[in-house]
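Coordinates in review
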Amino acid sequence: MKRTDDGYLLDNRQSEAAERFDAFTDLFDPVTFRHLERLGIEPGARCWEVGAGGTSVVSWLAERVGPTGKVVATDIDTTRLSAAARPPVEVLVHDVGTEEPPGEGFDLVHARLVLVHVPDRERALASMVRALRPGGWLLVEDADPALQPLACPDEHGPEQRLANLLRQGFRSLLADRGADLAYGRTLPRLLREAGLDRVKADAYFPLTSPACAALEAATVRQIRSRLVEAGLATDEDIDRHLSHVASGDMDLATAPMISAWGRKA
């Protein structure tokens, strides 16, 4: 796929990024924490949080591993990680798709909503597996927008049709930047092919919640100029949609998040 723009579409430094991270926390932290609980992260464990972005998962891991453990939190932009940068947390600027792992022998490596955006996903996944100790766990959670591409699955009126039109524009912008919109469904197979065992997966599909609406509004505002420049929407379309979202009367969904985990033999 030809990439028309090498820039990351959803820059952590934009003001809307904080709203998006808050929405991700509300929507997905309960799912992530349930999986991490199941994997048995104990005091003294060494963890690598890949593409951390915000601090919620990093803080949860830090509390779990305690003062004798270690949490390495990495991202290409660590702007929003500074609040977590104290023992046992180490914050590093790092590109999982191009650089070597920031250590080895990790008990856990976790990435949420990261690899779908990484151009060299194969290298990134191999790097994460390589960083595990024998018996360590990899948990990868990523979206699959192609599996459910609509903002409003119940498209019963013009407001919902407009929402779905803008979601289609968002997906086009992601694809133009190399995102694999069907990546989530491949994770179980990719973890097995990487040599992991005890591989399992599930999916979470939030259909309606205040966090879905908050995420939608923040995302549309963040990519507004890109949508208009690409001819995918007009300013009037976007203003109308944001007004519909603010009304609280729309059943807005996100793409399913697929969680897959496996253990290094």
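For the structure given in this document, a descriptive report is provided here.

With that settled, consider the sheet that holds strand 7 (residues 257–264). Here seven strands make up an open sheet; going across it, the order is 3-2-1-4-5-7-6 and the pairing mixed. Since the sheet does not close on itself, it has two edges, and those belong to strand 3 (89–93) and strand 6 (196–204), each with one partner. Sheet twist, expressed as the mean angle between neighbouring strand axes with direction ignored, is 15°. Sheet topology note: the strand 2 (residues 70–75)/strand 3 ladder contains five bridges and is parallel. Counterpart to Asp75 in the pairing with strand 3 is Val93. Against the sheet, helix 2 (residues 56–65) makes contact with strand 1 (46–50), strand 2, strand 3 and strand 4 (106–112), and its axis sits at roughly 165° relative to strand 2, the strand it touches most. Against the sheet, helix 3 (residues 121–130) contacts strand 1, strand 4, strand 5 (132–143), strand 6 and strand 7, and its axis sits at roughly 145° relative to strand 5.

Moving on: the environment of Arg64. With respect to the element layout, Arg64 can be found in helix 2. Overall, the relative accessible area of 25% leaves Arg64 in the partly exposed class. Spatially, the C-alpha atom of Arg64 lies 6.2 Å from that of Glu42, the residues being 22 residues apart in sequence. Residues contacting Arg64, with those up to four places away along its chain left out, are Glu37, Ile41, Glu42 and Pro43. At 3.4 Å, the side chain of Arg64 forms a polar contact with the backbone oxygen of Ile41.

Attention now moves to the side chain of Arg112. Checked against the element boundaries, Arg112 lands in strand 4. In this structure the side chain of Arg112 is engaged in a polar contact, spanning 2.9 Å, whose partner is the side chain of Thr32. Filtering out sequence-adjacent residues up to four positions away, Arg112 remains in contact with Phe24, Phe28, Asp29, Thr32, Val50, Ser56, Val57, Glu141 and Met257.

Now for the environment of Asp142. By the secondary structure assignment, Asp142 is in strand 5. Accessibility expressed as a relative area gives 1% for Asp142, which makes it buried. Put simply, Asp142 and Val116 are 26 residues apart on the chain and 6.5 Å apart in space, counted from C-alpha to C-alpha. Those residues in contact with Asp142 that sit more than four places away from it in its chain are Leu113, Val114, Leu115, Val116, Tyr183, Gly184, Leu187, Pro256, Met257 and Ile258. At a separation of 3.2 Å, a polar atom in the side chain of Asp142 contacts the main-chain amide nitrogen of Val116.

Calculation notes
- Residues numbered from 1 in each chain as written.
- Predicted model: local features only at pLDDT ≥ 70, side-chain atom pairs only at ≥ 80, totals over all residues.
- Heavy atoms only, no water.
- Pairing = 2+ DSSP bridges.
- Helix = DSSP H or I, 4+ residues; strand = E, 2+ residues; numbered from the N terminus.
- Axes fitted to C-alpha atoms, helices over the stretch in contact; angles between N-to-C directions.
- Contact = heavy atoms within 4.5 Å.
- Buried < 20%, exposed > 50% of the residue type's maximum accessible area, 1.4 Å probe, protein only.
- Polar contact = N/O pair within 3.5 Å; in protein donor to acceptor, adjacent residues only side chain to side chain.

By themselves these figures say nothing about function.
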